[in-house]
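Architecture and fold: a report
The residues making up each chain are set out below.
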Amino acid sequence: MTKNKQRKYDYTYLKMAMEWAKLSHCKRKKVGALIVKDKMIISDGYNGTPSGFDNCCEDEDGKTKWHVLHAEANAILKVASSTQSCKNATLYITMSPCKECSKLIHQAGFNRVVYASSYKDKSGIEFLKQTNIELVHLPINE
């Protein structure tokens, strides 16, 4: 695939991840993720509480509850319960991964991560730079 065509796909999938983020019930930050393999979306996710829990992501002080799952973790967990695999797939995420999610991304076998904005803690991206995963920062103005 040409670089221009790839950039067009990257942009489109990131825009879709941004739409997915709007499904999050979190007030502080809404994050969306799509997993694409062979030009097919195999999973999606957004940040939120685990199944069966109240959808409120923040505590009384406005801080994110510890048990809230990140968008990429939710998307990876969906793949884990399917017949698909993240091996050689691309993760499209609206915000760069935290250090915990970056470990999951590496272990799941992704070969690319495309993200729109940077998370305050850069350690997740720094970790992924030590792997063979291609990292693409593609800022999108909404």
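As a starting point, this report considers the structure included with it. These numbers were taken from a predicted model, which means no experiment stands behind them.

**Concerning the side chain of S96**
The residue S96 is located in the loop between β3 (90–95) and α3 (99–108) in this model. Separated by 2.7 Å, the side chain of S96 and the backbone nitrogen of Y119 make a polar contact. Setting aside chain neighbours within four positions, we find S96 in contact with Y115, S117, S118, Y119 and I125.

**A closer look at the state of the cysteines**
All told, the structure shown has one disulfide when counted by the stated rule. In this model, C26 is linked to C57 through a disulfide, with the two sulfur atoms separated by 2.3 Å. Disulfide C26 to C57: torsion about the S-S bond roughly -75°, handedness left-handed. With C26 in the loop between α1 (3–21) and β1 (32–37) and C57 in the loop between β2 (40–46) and α2 (71–80), the pair connects residues that are 31 residues apart, well separated along the chain. For the pair C26 and C57, a shared accessibility class is recorded, and that class is buried. You can see C86 has no disulfide; the closest cysteine sulfur is in C101, sitting 12 Å from it.

About the cut-offs
Residues numbered from 1 in each chain as written. Predicted model: local features only at pLDDT ≥ 70, side-chain atom pairs only at ≥ 80, totals over all residues. Heavy atoms only, no water. Helix = DSSP H or I, 4+ residues; strand = E, 2+ residues; numbered from the N terminus. Polar contact = N/O pair within 3.5 Å; in protein donor to acceptor, adjacent residues only side chain to side chain. Contact = heavy atoms within 4.5 Å. Disulfide = S-S within 2.5 Å. Buried < 20%, exposed > 50% of the residue type's maximum accessible area, 1.4 Å probe, protein only.

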